[in-house]
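Structure assessment
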Amino acid sequence: MLIYGKEIREAIKNKVLKAAAIFPMNLSVIRVGDDKSSAAYIKGIVKFADEVGIKNHIYQLPEDAMEQEIIDLIQTLNSDPDITGIMLQTPLPGGLNATRLINRIDCTKDVEGIHYYNLGKLVNQEEGVRPSTPKAIISMLDGYHVNIAGKKVVIVGRSTILGTPLALMMIARD
């Protein structure tokens, strides 16, 4: 079975468009350094946000940015009531601790669902923010009415942003 995500993406886009019309959203993305794959990913985020009416701002910090400088920016964004979502784009340059920085983000503004609080809700099978790629995979399976209960799946990788959350989401569905 081949699954094409275009129709599902459009349905999600329409849902977000309606939500953004009711609840104004404002996304801040922090990018450190000049990783080329990050630039392409952020370009896609900005395009989608613009299409659905989500305000967005990319904070571009130099490769040699100090951890405290990033923490200060995160704290400023956390305290700004107009900012509804914060994302720290990875990978980060060497010497920066992504986990420590991500967990400085207010868990209610963690759009990626990878703050310890949100991951804890995932582990406990409670409602909450889910990492976007695993959530997209589940949405595609749901969109095509693929019942995974009782099935065996293979997940390659165990990252905090993809492999582990996807495994937990699959386990929650038996």
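The notes below deal with the structure included here. What you are looking at is a predicted structure, and each value in this text was computed from that prediction instead of being measured.

1. A short note on the side chain of Ser-38
Position of Ser-38 relative to the elements: it lies in helix H2 (residues 36-52). Beyond its immediate chain neighbours, meaning those up to four positions away, Ser-38 contacts Arg-31, Gln-89, Thr-90 and Pro-91.

2. A closer look at the side chain of Asn-103
Considering the arrangement of structural elements, one finds Asn-103 in the loop between helix H4 (98-102) and helix H5 (116-123). Within the structure, the side chain of Asn-103 is placed 2.9 Å from the backbone oxygen of Thr-99, a separation counted as a polar contact.

3. Notes on unusual backbone geometry
The omega angle of the peptide bond from Thr-90 to Pro-91 is 5 degrees, so this bond is cis rather than trans. With a phi angle near 55 degrees, Gln-125 is a residue other than glycine that sits in the positive phi range. Looking at where Gln-125 falls in the secondary structure, it is placed in the loop between H5 and helix H6 (132-143). In this structure, His-145 is a non-glycine residue whose phi angle is positive, near 55 degrees. Here His-145 is to be found in the loop between H6 and helix H7 (163-171).

4. Looking at the packing of helix H1 (residues 6-22) against H2
Contact geometry for H1 and H2: axes closest at 8 Å, N-to-C directions at 55 degrees. It follows from the interaxial angle that H1 and H2 lie oblique. On the side of H1, the interface is formed by Arg-9, Lys-13, Val-16, Leu-17 and Ala-20, while H2 contributes Phe-48, Glu-51 and Val-52.

5. Considering H7
Of the positions making up H7, those classed as buried are Gly-163, Pro-165, Leu-166, Met-169 and Met-170. All buried residues of H7 project into a common sector of 165 degrees when viewed along the axis, lining one side. At its buried positions, H7 is contacted by H5 and H6.

Each value, and the rule that gives it
Residues numbered from 1 in each chain as written. Predicted model: local features only at pLDDT ≥ 70, side-chain atom pairs only at ≥ 80, totals over all residues. Heavy atoms only, no water. Helix = DSSP H or I, 4+ residues; strand = E, 2+ residues; numbered from the N terminus. Contact = heavy atoms within 4.5 Å. Polar contact = N/O pair within 3.5 Å; in protein donor to acceptor, adjacent residues only side chain to side chain. Axes fitted to C-alpha atoms, helices over the stretch in contact; angles between N-to-C directions. Parallel < 35°, antiparallel > 145°, perpendicular 65-115°, else oblique. Buried < 20%, exposed > 50% of the residue type's maximum accessible area, 1.4 Å probe, protein only. Arc of directions from axis to C-beta.

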